[in-house]
Amino acid sequence: MKIYGYGRQSISQEDIDAVVEVLKSDFLNNGPKIEEFEEKICEYTGAGYCVALSSATAALHLMMHALNLSEKDEVITCPVTFLASANCVRYVNASVNFADADIETGNISIDEIRKKVTPMTKAVIPIHFAGQSCDVKAFSELREKGICVIEDAAHALGSDYEDAKVGSCKYSDAAVFSFHPVKNITTGEGGAITTNDRELAQRLKRLRSHGMNRNPAEFVNESDGKWYYEMQELGYNYRMTEMQAALGISQLKRIEQFKQKRRYIVEKYKEIFAGDDRISFLTEKKFSNACWHICPLLIDFEKLGIDKKKFFNDLCDAGIHPAVQYIPVHLHPYYQNLNFKKGEYPTAEKYYAQTVSLPLYYDLSDDDVEYIGEKFLKVLNNQGQ
Ligand SMILES: Cc1ncc(COP(=O)(O)O)c(C=O)c1O
């Protein structure tokens, strides 16, 4: 029996050759590929600066660090996300607050953000859920109040917002990408921050490598000699390797191809399920042209009298291993211990109750998509029998 996971990488011979070439070269880290990858990401997104990192989680952490947050500060994000979007705030001991999602898109609702903003709010982290950009222009009113907008674009490399690529930071302070294997391009593990703020980018580059500064013009103390460097603030080792960067450069060449295929597969699923009023898809907004990272369906299991657990298990037994994205962050025990309550974010919870993500990745053929669609419907039709 064929087994389909919800996402996976697509690795070409060119990708393999690019990594092997680095393995045979002089540099496995701190070499030319990192800079090249950063330049390519800038070229592609239109951002002024890019900082390549070991993961999007590291990127989110460094961004929170770079905002100099303390216990008195608060950051707002959406509960419909992977844990990292909220955990990064806790890494710097600031408070997380959530603004509920919009059920049509799974994206954070600007109306809900407005209700949550307080004088303590220093930043918001909107997630471009499933790859669809939030309406980032709407966040301008927050920036006018001095609130930073950090786009969690982990799902959204390749996506457009109006006439710009996600990551251009036209309407934000920075954007964070993930290159985990299921993402739109991969470096194995990996992440990046794009921004148009030169000083921020330079600081992030120091923070990714222990806070070390090697620029003599910026030394606090007198240099001891050519070997001299200074640690001016506490940083981390969040560096990407040369092999990862080489893979990223090679993968980025195919991003438009990846996007086209991802959109094509989503359309194909829509055709297969057309007319079935039990199943709905996320609504794509006019301002968006998404590089779909995941393909969530919404099914009102409760109304249909279907046990979602059984449905999920039956799908797995049929070889379709979907994902449920996401368990709302505030429902995890760690966040419950911070006093978030079940029922507090009704849309996120309703979304969670209804969602299931179909397999979506570049190497799925037409036959695969048809097979998955048919199996999915068969399992759905068999519920309650
Ligand atoms: C929305 C979102 N943000 C952040 C991350 C963290 O990415 P990484 O695995 O690169 O740390 C993920 C990972 O799935 C994600 O989905």
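Residues numbered from 1 in each chain as written. Predicted model: local features only at pLDDT ≥ 70, side-chain atom pairs only at ≥ 80, totals over all residues. Heavy atoms only, no water.

## What about the overall build of the chain?
A tally of helices and strands in the chain yields 14 helices and 15 strands. Relative to the 2.2 N^0.38 estimate, which gives 21 Å for 385 residues, the radius of gyration of the chain is 22 Å and therefore close to what a compact globule would have. The C-alpha extent of the chain, read off along each of the three principal axes, is 80 × 50 × 35 Å. Counting over 385 residues, the chain shows a buried share of 55%. Considering only intrachain contacts with a sequence separation of at least 6, the fraction spanning at least 24 residues in the chain is 73%. In the structure as shown, the chain presents an accessible area of about 17,200 Å², 50% of it carried by carbon and sulfur atoms. A gap of 2 Å separates the mean positions of the 45 positive and 55 negative side-chain charges of the chain. (Helix = DSSP H or I, 4+ residues; strand = E, 2+ residues; numbered from the N terminus. Rg over C-alpha atoms; globule rule 2.2 N^0.38 Å. Buried < 20%, exposed > 50% of the residue type's maximum accessible area, 1.4 Å probe, protein only. Contact = heavy atoms within 4.5 Å. Areas by Shrake-Rupley, 256 points an atom, 1.4 Å probe, with all protein chains shown as cover. Lys, Arg positive; Asp, Glu negative; His and termini not counted. Charge placed at Lys NZ, Arg CZ, Asp CG, Glu CD.)

## A closer look at the sheet that holds strand E1 (residues 49–53)
The mixed open sheet is built from 7 strands, whose spatial order is E1-E9-E8-E5-E4-E2-E3. Pairing within the sheet leaves two strands with one partner each, and these edge strands are E1 and strand E3 (95–98). On average, each strand axis in the sheet is tilted by 20° relative to the strand beside it, whichever way the strands run. Relative to strand E9 (residues 191–195), E1 runs antiparallel, the two sharing 5 bridges. Considered in E9, the bridge of Leu-53 is made with Gly-191. (Pairing = 2+ DSSP bridges. Axes fitted to C-alpha atoms, helices over the stretch in contact; angles between N-to-C directions.)

## Considering the side chain of Glu-74
Structurally, Glu-74 can be placed in strand E2 (residues 74–77). Although Glu-74 is buried, it forms no salt bridge, and the closest oppositely charged side chain is Lys-116 at an N-O distance of 8.4 Å. Contacts of Glu-74, omitting those with residues within four sequence positions, involve Ser-95, Asn-97, Lys-116, Thr-118, Met-120, Thr-121, Lys-122 and Ala-123. (Salt bridge = Lys/Arg side-chain N within 4 Å of Asp/Glu carboxyl O.)

## Examining unusual backbone geometry
A cis amide bond, omega 10°, links Gln-325 with the succeeding residue Tyr-326. One non-glycine residue, Cys-169, lies in the positive phi region at around 60°. Relative to the helices and strands, Cys-169 resides in the loop between strand E7 (164–165) and strand E8 (174–178).

## What to know about the domain arrangement of the chain
Segmenting the chain into domains produces domain 1 (13–98 + 105–252) and domain 2 (255–382). At the interface, 36 residues of domain 1 touch 32 residues of domain 2. Surface buried jointly by domain 1 and domain 2 totals about 2,900 Å² across both partners, of which 62% is contributed by carbon and sulfur atoms. At the boundary of domain 1 with domain 2, the tally comes to 2 salt bridges. Remark: the boundary between domain 1 and domain 2 carries 20 residue pairs in polar contact (both at pLDDT 80 or more). Of all elements in the fold, only helix H4 (84–91), E3, strand E6 (160–161) and helix H8 (242–252) reach the threshold of two or more residues within the side of domain 1 that touches domain 2. (Domains from an automatic or database assignment. Buried area = accessible area lost by both parts, 1.4 Å probe. Polar contact = N/O pair within 3.5 Å; in protein donor to acceptor, adjacent residues only side chain to side chain.)

## Side note on the pattern of salt bridges
On inspection of all chains with the given rule, the structure shows 24 salt bridges. Its salt-bridge partner being Asp-173, residue Arg-143 comes within 3.3 Å of it at the nearest N-O pair. Within this pair, whereas Arg-143 is found in helix H6 (residues 140–144), its partner Asp-173 is found in the loop between E7 and E8, the two being separated by 30 residues in sequence. Note that Arg-203 is salt-bridged to Glu-233, the shortest N-O span being 2.7 Å. Placement of the pair is Arg-203 in helix H7 (residues 198–207) and Glu-233 in the loop between strand E11 (230–231) and H8, with a sequence separation of 30 residues. Residue class for Arg-203 comes out buried when judged on its relative accessible area of 16%. With a relative accessible area of 23%, Glu-233 lands in the partly exposed category. Three or more residues are tied together by salt bridges with common partners; here these are Asp-160, Lys-165, Glu-256 and Lys-259.

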